[in-house]
Amino acid sequence: MNIPADDQSLKKFLAYANLPALLPAIVQLTGDASLLSRFRPSASPMMGAVDGDHSEEDQAAIREIAFLALKTYRDGDGSFPPLPSDEQLTEMMNWCAGETIPPEYVPLAIEEAALAESDPRHFEWTARPTDEKLADFRVLIVGAGFGGVCAAIRLGQAGIPYTIIEKNESVGGTWHENSYPDLRVDVPNHFYSYSFEHNPDWSDYFSKRDELKAYIDAVSTKHRIDANIRLETEVLRADYDESNAMWSVLVRSSRGQEEVLTANAVISAVGMLNRPQYPDIKGVDSFDGPCFHSSRWDHTLDLEGKRVGVIGTGASAMQFVPRVAERASQLTVFQRAAHWASYNPSYRATIEEEFKWCLRHIPFYHSWYRFLLFWAGSDRVYPVFRIDPDWHEPERSIGLANDLFRQAATQHITEQLGSDPVLMKKCIPDYPPLGKRPLMDNGWYSTLCRENVDLVTEGIQEITPKGVVTDDGTTHEFDVLVLATGFHAGKFLWPMEIAGKGGVVLQDRWEGGENPRAYLGITMPDFPNMFCLYGPNTNPVIGSVIYMLECQTTYIMGCLREMLENGHKSIECRPEIHDAYNERLDAEMEHMIWRHPKVNSYYNNKSGRIVTNVPWTMFQYWDMTRSPDLEEYQIE
Ligand code: NAP
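Note that this is a predicted model, so its numbers are computed, not measured.

Rules behind the numbers
Residues numbered from 1 in each chain as written. Predicted model: local features only at pLDDT ≥ 70, side-chain atom pairs only at ≥ 80, totals over all residues. Heavy atoms only, no water. Helix = DSSP H or I, 4+ residues; strand = E, 2+ residues; numbered from the N terminus. Rg over C-alpha atoms; globule rule 2.2 N^0.38 Å. Buried < 20%, exposed > 50% of the residue type's maximum accessible area, 1.4 Å probe, protein only. Pairing = 2+ DSSP bridges. Axes fitted to C-alpha atoms, helices over the stretch in contact; angles between N-to-C directions. Domains from an automatic or database assignment. Near = heavy atom within 4 Å. Polar contact = N/O pair within 3.5 Å; in protein donor to acceptor, adjacent residues only side chain to side chain. Areas by Shrake-Rupley, 256 points an atom, 1.4 Å probe, with all protein chains shown as cover. Nonpolar A, V, L, I, M, F, W, Y, C, P; charged D, E, K, R; others polar. Right-handed = clockwise from strand over helix to strand, strands pointing away.

Undergrad: What's the story with the overall build of the protein in this structure? I'm lost.
TA: Check the secondary structure of the protein and you find 20 helices and 21 strands. Relative to its length of 636 residues, the protein is compact, with a C-alpha radius of gyration of 26 Å against a globular reference of 26 Å. Projecting the C-alpha coordinates of the protein onto the three principal axes gives extents of approximately 75 × 70 × 50 Å. Evaluated residue by residue, the protein yields a buried proportion of 57% over its 636 residues.

Undergrad: What is the right way to look at the sheet that holds strand S17 (residues 480–483) in this model?
TA: Each strand in a sheet pairs with its neighbour through backbone hydrogen bonds, running either in the same direction (parallel) or in the opposite one (antiparallel). One open sheet holds the five strands; their spatial order is S8-S17-S9-S10-S13, and the pairing between them is parallel. Two strands close off the open sheet at either side, each with one partner strand: strand S8 (291–293) and strand S13 (453–456). The mean inter-strand angle of the sheet, taken between neighbouring strand axes irrespective of direction, is 15°. As judged from the four bridges shared by strand S10 (residues 330–334) and S13, these two strands associate in the parallel manner. Residue pairing in the sheet places Leu331 in a bridge with Val453 of S13.

Undergrad: What am I meant to see in the domain arrangement of the protein here?
TA: By a frequent convention, interface size equals the accessible area lost on bringing the separate parts together. For the protein, the assigned domains read domain 1 (7–121 + 354–380), domain 2 (131–275 + 489–631) and domain 3 (291–346 + 394–483). Between domain 1 and domain 3, the C-alpha centre-to-centre distance is 40 Å.

Undergrad: Can you help me understand the site of the ligand in this one?
TA: Taken together, 25 residues are adjacent to the ligand, and Arg184, Ser316, His339, Lys436 and Tyr602 come closest. Note that a nitrogen atom of the ligand is positioned 2.4 Å from one of the backbone N or O atoms of Arg184. Lys436 places a polar side-chain atom, nitrogen or oxygen, 2.8 Å from an oxygen atom of the ligand. Here the ligand has 910 Å² of accessible area as a free molecule, and 87% of this is covered by the chains. If you tally residues by element for the shell around the ligand, the top one is helix H11 (residues 315–327), at three residues. Partitioned by chemical class, the residues of the shell around the ligand number 11 nonpolar, eight polar and six charged. Here the shell around the ligand gathers at least three residues from each of two domains, domain 2 (131–275 + 489–631) and domain 3 (291–346 + 394–483).

Undergrad: I'm lost on the pairing of strand S9 (residues 307–311) in this one. Help?
TA: Burial analysis of S9 places four of its five residues in the buried class, the great majority of the element. Of the pairings in the sheet, the one linking S9 to S10 comprises five bridges and is parallel in character. Within S10, the residue paired with Arg307 across the bridge is Gln330. For the handedness criterion, the β-α-β arrangement of S9, H11 and S10 is classed as right-handed. As paired strands, S9 and S17 are joined by four bridges and run parallel to one another. Counterpart to Val308 in the pairing with S17 is Val480.

Pasting the structure below:
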């Protein structure tokens, strides 16, 4: 890494550096841990709080230390000291986050933030099988979103032949399919990206859809995924043949051609928010004008001057409604339940070039910035989602941290809508915050105050050719109707038909698809050599899904390593291990906000069981998935 800046420019760039990330980076660059004790630890570990709440004097001193260290590095031989000891790294993490982080997080930080090398999760064999053995083995991946691409990269590193079957015409999964106005990620981008493909060039802290799509395109090209992918082809069913431990997979191309492919192992990477859920409202197909789901946005339509109706107020509507309101003559939003949305000043902010320069050129800085976001956006906020059994107001919140969140969000809504008591009443949810998917205010409340916008909370009776009839008998007429009604999140691996040992059908095993379960969200008894990415109970409401996908991929690669190095033909989760895990998981779930009696969302199935979310901390899940415990598997 070189530092392409003269002294003056270097000082200019450093003025934009995030200090909580900068000082640990400089400690790692110089090997001088004593720098940490010269300043008190940072506070407010947020992406916007670049000063870490340090006094102006300390800020200047830290920047001067960084300047001198980087100047020395720039003019030197470019070598780095060895990775600090675990003890020192713990101190660095604590200083960066401004609080005590257990030392167990050190190996996780080394991996997730790539503190020591660019790809610590690079696949390595213990004893590499022969080329013939590898050539004889074939993995089929279903889906080329962030999960499928991650698995493909690791298989490529291992030299294991694979094919991705992708129903769309391009990679990207959700970031390919969704393209509605103002779509952007709402997890900080320097954390919501692969640990092994840092991108210092994100334009925004929460980048827009096209940039995410360009990122996954570029990563796929770099890792030569294109050579092993069949686009516009869908997997219809998969059957396990016990006699040879092979999967037969029926696929159909967009031209209707069917074919059966065989594979030793199948990795499902079909995502959780992929199949649009159209509302079960009477007359939904009868509307005369254009009517489409938010994930199938019709870009041929100009909404200028149109009367638009939107059903749904979740994360998708939160993002596109403000943009639609700017064009439509009249916009009516139908809300079934209010959602909590909080304010984040960085949400729509762009990143200054100087900040990008720091990410690109200051050794270890990108990694420490990622670590900061990881910590601040996951395990640090985990307690906000945990029910405190002694909390005195369980109706409105679930504990002190959750109540403070409620107060801040309520204050924000009051600032936005305080002068309109009717809107206030409609917009303050009656359940504790974070019970449903947390949202970020994208100008939602100010949009509701516009003259041309109506928020309707009456129930919907039916959809007619002219519009929507509500329970009070009013007909709301529209030119265009948008269904922002979400996805079949709880129907894992659906609508694929999958039959395992003895012909047992996965959706039957899952009680008609209602009760999906897997060990670690990855493996299922009776379905040998089949692995899930983003399977049941792996949705990280507190963290990043890419983090989870990487953990799962590491685990799956561990299973494949075992099979190939030892000549096993099948690996299958033991039922008692699977069942005990799910019992522990359900018990843990009782402590989480999503089980609050007032909360109902796509997280739960009809009987109230949470089937999508992971109840563990990011650390716990990482620890469980570092490598498979072979005792837990039946191996043949
Ligand atoms: P969603 O969160 O499931 O919201 C669906 C909305 O439609 C809810 O307001 C729901 O009301 C309403 N609805 C569903 N069926 C209805 C019916 N029959 N009648 C009336 N209203 C109905 O879906 P989404 O907004 O598409 O978001 C899905 C998930 O995708 C998010 O939770 C998030 O994980 C992800 N996402 C992420 C981003 C991002 O990162 N930027 C952006 C968009 C989406 P109730 O609340 O009453 O159920």
